[in-house]
Amino acid sequence: MKRQMVLGILFAAGALTLTVNALQQPQAGASGQPAPRVVEVDKLKDNLFMMRGGGGNSAVFITSAGVVVVDTKNPGWGQPLLDKIKTVTDKPVTMIINTHTHGDHVSGNVEFPATVEVVTQENTAKNMEAMRPATGITPAPDAPKNIFKENGGRGMPKRTFKDNLTLGKGDERIELHYYGRGHTNGDAFVVFPALRVMHAGDIFSGKNVPLLDANNGGSGVEIGKTLGKAADGAKGVEQIITGHSTVMTVADLREYAAFNNEFAATVQAAKKAGKTPDDVANTYKIPAQYKGYAEPQAARLRANVQIVWDETK
Ligand SMILES: [Zn+2]
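On a predicted model such as this, the values are computed, not experimentally measured, just so you know. (Residues numbered from 1 in each chain as written. Predicted model: local features only at pLDDT ≥ 70, side-chain atom pairs only at ≥ 80, totals over all residues. Heavy atoms only, no water.)

What follows covers the coordination of the zinc ion. Within the protein, His-100 (NE2), His-102 (ND1), His-183 (NE2) and Asp-202 (OD) serve as the donor atoms for the zinc ion, at 2.1 to 2.3 Å. Coordination at the zinc ion is irregular, judged from the 4 donor atoms that bind it and the angles of 86 to 166 degrees they form at the metal. Assessed through its relative accessible area of 2%, His-183 is described here as buried. (Donors = N, O, S within 2.8 Å, 3.2 Å for Na, K, Ca; no water. Tetrahedral: all angles 85-135°; square planar, octahedral: opposite > 155°, others 65-115°. Buried < 20%, exposed > 50% of the residue type's maximum accessible area, 1.4 Å probe, protein only.)

A separate point is the environment of Gly-54. Checked against the element boundaries, Gly-54 lands in the loop between β2 (48-52) and β3 (58-63). According to the relative accessible area criterion, Gly-54 is buried, its value standing at 7%. Distance from Gly-54 to Gly-78, taken between C-alpha atoms, is 9.3 Å for residues 24 residues apart in sequence. Leave out the neighbours within four places in its chain, and Gly-54 touches Lys-73, Asn-74 and Trp-77. (Helix = DSSP H or I, 4+ residues; strand = E, 2+ residues; numbered from the N terminus. Contact = heavy atoms within 4.5 Å.)

Residues Phe-189, Met-198, Phe-204, Leu-227, Ile-240, Leu-253 and Phe-259 are the most contacted members of the largest nonpolar core, which totals 38 residues. Those elements giving two or more residues to this core turn out to be β10 (188-192), β11 (197-201), α5 (223-233), α6 (250-272), α7 (277-283) and α8 (298-311). The dominant element in this core, judged by the number of residues it contributes, is α6, at 9 residues. Formed by 22 residues, the second largest nonpolar core is a distinct cluster that contains Ile-97, Ile-174, Tyr-178 and Val-197. (Core = buried A, V, L, I, M, F, W, Y, C linked by side-chain atoms within 4.5 Å.)

We now examine the confidence of the model for the protein. Averaged over every residue, the pLDDT of the protein is 91; the share at 70 or more is 90%. Low pLDDT (under 50) marks residues 1-28, which in the prediction has 17 contacts with non-local residues, meaning those over four places away or in another chain. (pLDDT = per-residue confidence, 0-100.)

Side chains of strand β8 (residues 164-167) alternate between two faces, with Leu-165 and Leu-167 buried and Asn-164 and Thr-166 left unburied. Inspection of the sheet shows β8 paired to strand β9 (residues 174-178) by 4 bridges, in the antiparallel sense. Across the sheet, the residue bridging to Thr-166 is Glu-175, located in β9. Joining the antiparallel neighbours β8 and β9 is a turn of 6 residues, in which Gly-168 adopts a positive phi near 75 degrees. (Pairing = 2+ DSSP bridges.)

Turning our eyes to something else, we now look at the environment of Gly-292. Turning to its location among the elements, Gly-292 is positioned in the loop between α7 and α8. Taking the C-alpha atoms as reference, Gly-292 lies 7.0 Å from Lys-207; in sequence the two are 85 residues apart.

This next bit is on the packing of aromatic side chains. Here the distance between the centres and the angle between the planes together describe a pair of aromatic rings. Taken as a whole, this structure holds 9 aromatic pairs when the rule is applied. Note on Phe-263 and Tyr-284: the rings are 5.1 Å apart at their centroids and 75 degrees apart in plane angle, and the pair reads as edge-to-face. One end of the pair, Phe-263, is in helix α6; the other, Tyr-284, is in the loop between α7 and α8, with 21 residues separating them in the sequence. For Phe-263, a relative accessible area of 6% puts it in the buried group. On the basis of relative accessible area, Tyr-284 is assigned to the buried category, the value being 10%. Taken together, the aromatic side chains of Phe-204, Tyr-256, Phe-259, Tyr-290 and Tyr-293 make up a single cluster linked through ring pairs. (Phe/Tyr/Trp six-rings, centres within 6.5 Å; stacked < 30°, edge-to-face > 60°.)

Read across the open sheet, the 6 strands follow the order β8-β9-β10-β11-β12-β13; overall the sheet is mixed. Where the open sheet ends on each side, the last strands, each with one partner, are β8 and β13 (247-248).

If you trace the backbone, Gln-121 turns up in strand β6 (residues 117-121). For Gln-121, the side chain forms a polar contact with the main-chain oxygen of Lys-162, separated by 3.0 Å. Setting aside residues up to four positions removed in sequence, Gln-121 forms contacts with Thr-160, Phe-161, Lys-162, Tyr-178, Asn-185 and Gly-186. (Polar contact = N/O pair within 3.5 Å; in protein donor to acceptor, adjacent residues only side chain to side chain.)

Here 7 strands make up an open sheet; going across it, the order is β1-β2-β3-β4-β5-β6-β7 and the pairing mixed. Looking at the sheet topology across the chains shown, the edges are occupied by β1 (40-45) and β7 (159-161). The sheet shows a mean angle of 20 degrees between the axes of neighbouring strands, taken without regard to direction. One ladder, built from 5 bridges, connects β3 with strand β4 (residues 66-70); its direction is antiparallel. Looking at the pairing, Ile-62 lines up with Val-67 of β4. Of the strands in this sheet, β6 and β7 are in contact with helix α4 (residues 122-130), which crosses β6 at around 110 degrees. (Axes fitted to C-alpha atoms, helices over the stretch in contact; angles between N-to-C directions.)

Spelled out as structure tokens, the structure:
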């Protein structure tokens, strides 16, 4: 009897450990050991790779001067990303471009050599100084409060732009664009014109109801318009690296702009008609023409309705 009780307690303690590990390390295996940090590679062009896992999708662009990396994943994923880059090139990483401030896109910056130049939109640089939690996201208990402060400012942007910036020359040119508020107030679109590829970051994370991070300047009224401008500006682009999904097209981006404009219009019409945010959230369904869009989580949907509502006078 006594032995059974002890075993029961040990078993319960084991289960508890597993739960805690699972919270801290989302990819923990069934054994409770942290899963190995595996970065997966999709070759898009001879000198451009999409690297997946451990946060947002990264782009790795190999130029004669060195390697340009777009987005560096969650804390602890900078080194696995660097290791994976070594499997496709001997060249050193010389530049990081961060599409926006979120921890699953910028945290790996601190694991790159301090000589690497970091480039962002100017609002993102300000957001990275503060590293405020995103609207509606509860940070994991072990998440760094401000990974850049905790690393003596390493990985912070030193070069910023407001609307547009051209980096490099000829076939190695990179065009950065800011088209307005959306997921945050600093979402950069990164275009590799010679390769006809764009990295859109989380303003186009996939076919879904977006995370609108009002804490970092995001906007539910503006996001559709911003996406529309990006689609208009994406002349010649054939492949779009999304923040967290598969590679998509400009047609997909345009559809996503329409989807977000329609969402904002639905909320605004309901407000005008004297309904409540709950009325909208309780009745909203993804319109039938948007094929393959994920039905939203209730909390995300309710938060987005409120954000559009509050932005509408
Ligand atoms: Zn994000």
